2 protein chains.
Amino acid sequence: MEEEQMLTKEQILDMLDAGQYKELKEELGNMYPVDIAETLEDFEQKPLVMVFRLLAKEEAAETFTYMNSDMREVLIGALTDSELEEVMEEMYLDDTVDVLEEMPANVVDRLLMVTDEETRAQINQLLQYPEDSAGSIMNVEYIALRKEMTVEESILKIRQVGLNRETIYTCYVTEKRKLIGRVDVKELLTTGESRTIEEIMDTNVLYAHTTDDQEDVAMMINKYGLIALPIVDHEMCMVGIVTVDDAMLVMQEETTEDISIMAGMSPSEETYFGTSVVEHVKSRLPWLLFLMLSATVTQMIMNSYESALVVMPQLAGFIPMLTGTGGNCGSQSSTLVIRGLSVGEIEFRDLFKVIFKEVRVAAVVSVILAVVNGIRIIVMGQGDALIALSIGGTMICTVLIAKVVGCTLPMLASKIGLDPAIMATPLISTLVDISTVTVYFMIVSHVFHL
Amino acid sequence: MEEEQMLTKEQILDMLDAGQYKELKEELGNMYPVDIAETLEDFEQKPLVMVFRLLAKEEAAETFTYMNSDMREVLIGALTDSELEEVMEEMYLDDTVDVLEEMPANVVDRLLMVTDEETRAQINQLLQYPEDSAGSIMNVEYIALRKEMTVEESILKIRQVGLNRETIYTCYVTEKRKLIGRVDVKELLTTGESRTIEEIMDTNVLYAHTTDDQEDVAMMINKYGLIALPIVDHEMCMVGIVTVDDAMLVMQEETTEDISIMAGMSPSEETYFGTSVVEHVKSRLPWLLFLMLSATVTQMIMNSYESALVVMPQLAGFIPMLTGTGGNCGSQSSTLVIRGLSVGEIEFRDLFKVIFKEVRVAAVVSVILAVVNGIRIIVMGQGDALIALSIGGTMICTVLIAKVVGCTLPMLASKIGLDPAIMATPLISTLVDISTVTVYFMIVSHVFHL
């Protein structure tokens, strides 16, 4: 990968100190805005503003969209109204909305003040879509064609307005604002210039509604390999597009969210370092508390077998191994099912197919684990054949229960509209702990007449 | 989302039975190939082949690329050589290579036999790139321009060859096959026709090497919001492109792989249902066995405190809660760090920053958990103040150890070139179990003179 053109933080600061503004300006022009934003991350206010002022208008706006909210606030506080106006003018509308959503009210007011009226109206419109909806991530700038236009006229239109559009590669055909067709620029370029749009347009257009979940939109763009997906309102009027680069970001965000939930945390939109200690505690503590208190059930079951432990204290030593194996088995099943549900490969109607598969896997796995563990117990002298058999029996029951619980709960969650990711390792292990300890003491108290 | 145009499995079978081939052909023409492949998934051989023969040439080839390997084998076995030849001709080369990689040798031979010589040479070339490398997923069909060409000539070239290119939206400028620049079709369309490519091309081109990891390529496409990334060989000669739709699939695949490893399974490229019970067992058993045997350490520690359990058997009941909480805390930290590493937000040089953050989070979390649990113990009459204090002390140590181990191990793994995802919940919990039980018995045996 080519990285030779990148300035480091130190190089930039040195050039500022040496007053080499012209050279720095030139070097910055060769860098990608996303890299500039990354390099400026730990800058103090003064050098940050100085570097930002060296950027070309368009580059500055794009760099601004890649910055974190702290950097943006610093800049907004330091730039003049006319400088801000330029940034706002150059940014794509969907990026502007992203910026505004994270800013305190007084900053939003200042930004909106330097924006022209038409844009302001569009921004206010976009700010009203629910968070995580297609409307909230869409771009309102796209190329709309009419079906009577010829290919030549269409190309001319793209030439005239194309510069201000985030993507021009798919054009949409509208009639009284309603979406009626789609034309790829590829087709415009490779067909006769005198043909009309109506002749070449594809009327079988995929689209989504403004209120659809952003994750569904991203999945659709992925599934059909699209460059952009048109977004319509409830009257089928076209209002914007979601582009593939935004879809990729959404997919990455949503995956991070899923993974956080699966580890028993409330998801955060901020980065790891961007989240304060207090916020980290807030996102992690609720599940830890809930699961710790749920473990009381396991404890109560064990306490009711206290007398058994007095007679055979070595029985306690097997418990972490049994609950650990149960937890691991359950988390394997729940993880596979949660991921399968999230990429759309598993659906609720597959429930019995999944259970059937998990039961067969559990049967094989549990017998092997029980046999290996039995041999280990006897070889290490941790117990006789009867103990090995009891532990083996518990192991088989535990693995079976863990796999069935692990695959069933995420599917039930998705059925009743909960996020299946909740039913991941932490909750599954706690539930499996309860069943493991119950089965274990039922078996050993029966076998050893405790 | 628009789904009204989709035929169900039953509708297709009914139309086949009723001999409504013409109507079926027309309806299929309105469906997307990816949906057709999905609908045909559970079809018997005979109707599968019948439907496939009704598809238009181009549609058939695309549908074929979306099918699973079982369906492809059935079709290859049933189609005539000339039918296969048509499918092979219409498929994009990167898809052909994907298909061939999954087929048994005799099928590959038959498919290569019906392919023309030039394509066969290209296929053989592509088959040689290592799995998961940029070379193995790249497309060799792209638009190459020369710097002397005018915009008008370039558009003419796109018109002539564009139909056979998977993507034409970014054109690459080469000189003696070396990559020297990039031009977006957007620029071609919006600039004067008589300008030369050299005047408008961007010479600061991002690219990757054929041997680069496909995940890095996908991350680069995502980071810079590209439609395609050019791939060069070790002599900087351009050999292909990776397009954004392939990058999205790679990201999804790699995430599924990470999530599987994080749950203690070896990743599989097949779908959940596409994996047999035996393969599921093979991917899950190794970690379960390893972790089960590792739990022996915990057991040995507990056994050495057997006499303590005879005197105070109620001490055993606290163990699942303590190990469970420790495991959950460790898995929260390791999950955050693994995800941070995989999206490039955390790097090894951040190690001490991460540990410092985790220690502070652990301090707050552990004290709250210890207090809540202490109150619970006394309220539920499970022990006196001394027990509550001992459990609280163990809790604080456990949470601290778990968080530090949880964040450190994935970072060390990445440093020595292992996949950080290995250091996830299952392994972390097993390690934390050992430390929890050790700390617990050290504290209680000291406090209660056991």
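Residues numbered from 1 in each chain as written. Chains lettered and ligands numbered in written order. Predicted model: local features only at pLDDT ≥ 70, side-chain atom pairs only at ≥ 80, totals over all residues. Heavy atoms only, no water.

- Labelled according to an unreviewed UniProt entry, chain A appears under the name Magnesium transporter MgtE, originating from Dorea formicigenerans.
- We quote the UniProt Sequence similarities (unreviewed entry) comment for chain A here in full: "Belongs to the SLC41A transporter family."
- Its UniProt record gives chain A a comment under Subunit (unreviewed entry), which states: "Homodimer." (UniProt positions renumbered as here; feature names shortened; annotations may be inferred.)

**Section: the pairing of strand S5 (residues 228–232) of chain A**
Residues and elements named next belong to chain A.
And step 1. Counted residue by residue, S5 has five buried out of five residues, so it is predominantly covered.
And step 2. Residues Ala228, Pro230 and Val232 line one face of S5 and the alternating positions Leu229 and Ile231 line the opposite face, and both faces are buried.
And step 3. Relative to S5, strand S4 (residues 208–209) runs parallel, the two being bridged by two bridges. By the bridge assignment for S5, His209 is matched with Val232.
And step 4. Crossover connection from S4 via helix H15 (residues 214–223) to parallel S5: handedness right-handed.
And step 5. Relative to strand S6 (residues 238–243), S5 is paired through five bridges, and the arrangement is antiparallel. (Buried < 20%, exposed > 50% of the residue type's maximum accessible area, 1.4 Å probe, protein only. Helix = DSSP H or I, 4+ residues; strand = E, 2+ residues; numbered from the N terminus. Pairing = 2+ DSSP bridges. Right-handed = clockwise from strand over helix to strand, strands pointing away.)

**Focus: the sheet that holds S5 of chain A**
And step 1. If you trace the three strands from one edge of the open sheet to the other, you get S4-S5-S6 (chain A), paired in mixed fashion. For this open sheet the edge positions go to S4 and S6 of chain A, each flanked by a neighbour on one side alone.

**Some details on the UniProt feature "domain: CBS" (unreviewed entry) in chain A**
And step 1. If you check UniProt for "domain: CBS" (unreviewed entry), the listed places come out as residues 201–257 of chain A in our numbering.
And step 2. The distance from the first to the last C-alpha atom of residues 201–257 of chain A is 39 Å, and the span holds 42% helix and 23% strand.

**Some thoughts on the packing of helix H1 (residues 9–17) of chain B against helix H2 (residues 21–29) of chain B**
Residue and element names in this part refer to chain B.
And step 1. Direction vectors running N to C along H1 and H2 enclose 150°, while the axes themselves pass 8 Å from each other. Regarding the angle of H1 to H2, the classification is roughly antiparallel. In this structure, H1 meets H2 at a crossing whose hand is left-handed. Listed contacts from H2 to Ile12, Met15 and Leu16 of H1 are Tyr21, Glu23, Leu24, Glu27 and Leu28.
And step 2. Grouping the constituent residues of the contact of H1 with H2 by class yields six nonpolar, no polar and two charged. (Axes fitted to C-alpha atoms, helices over the stretch in contact; angles between N-to-C directions. Parallel < 35°, antiparallel > 145°, perpendicular 65-115°, else oblique. Left-handed = near helix turned anticlockwise from the far one by under 90°. Contact = heavy atoms within 4.5 Å. Nonpolar A, V, L, I, M, F, W, Y, C, P; charged D, E, K, R; others polar.)

**Some thoughts on helix H15 (residues 214–224) of chain B**
Helical geometry: 3.6 residues make up each α-helical turn, so side chains three or four residues apart lie on a common side.
Residue and element names in this part refer to chain B.
And step 1. If you check which residues of H15 are buried, you get Gln214, Val217, Ala218, Met220, Ile221, Asn222 and Tyr224.
And step 2. Its side-chain oxygen placed 2.7 Å from the backbone nitrogen of Glu215, Asp213 serves as the N-cap of H15.
And step 3. Once H15 ends, the next one or two residues include Gly225, with phi positive near 60°. (Polar contact = N/O pair within 3.5 Å; in protein donor to acceptor, adjacent residues only side chain to side chain.)

**Side note on the sheet that holds strand S2 (residues 170–175) of chain A**
All names here are of chain A.
And step 1. With mixed pairing, three strands are arranged side by side in an open sheet as S1-S2-S3. Edge positions in the sheet fall to strand S1 (144–145) and strand S3 (178–184), since each has one partner strand and no second.
And step 2. Relative to S2, S1 runs parallel, the two sharing two bridges. Its bridge partner lying in S2, Ala144 is registered against Tyr172.

**Looking at the pattern of salt bridges**
Side-chain pairs of opposite charge can arise where the charged atoms are in close proximity.
And step 1. As enumerated under the stated definition, the model contains 25 salt bridges over all chains in all.
And step 2. For Arg110 of chain A, the salt bridge is made with Asp81 of chain A, and the minimal N-O distance between the two is 2.9 Å. With a gap of 29 residues between them, Arg110 of chain A in helix H9 (residues 105–113) and Asp81 of chain A in helix H7 (residues 81–90) connect regions that are remote in the sequence.
And step 3. Residue Arg110 of chain A is classed as partly exposed on the basis of its relative accessible area, which comes to 24%.
And step 4. Glu175 of chain A is the partner of Lys147 of chain A in a salt bridge, and the nearest nitrogen-oxygen pair spans 2.4 Å. A residue pair is termed long-range when its members are at least 10 positions apart, and Lys147 of chain A in the loop between S1 and helix H12 (151–161) and Glu175 of chain A in strand S2 qualify at 28 residues.
And step 5. In this structure Lys147 of chain A comes out as buried when scored by relative accessible area, which is 18%.
And step 6. Taking the relative accessible area as the measure of exposure, Glu175 of chain A reaches 35% and is therefore partly exposed.
And step 7. The network of salt bridges with shared partners includes Asp35 and Glu38 of chain A together with Lys223 of chain B. (Salt bridge = Lys/Arg side-chain N within 4 Å of Asp/Glu carboxyl O.)

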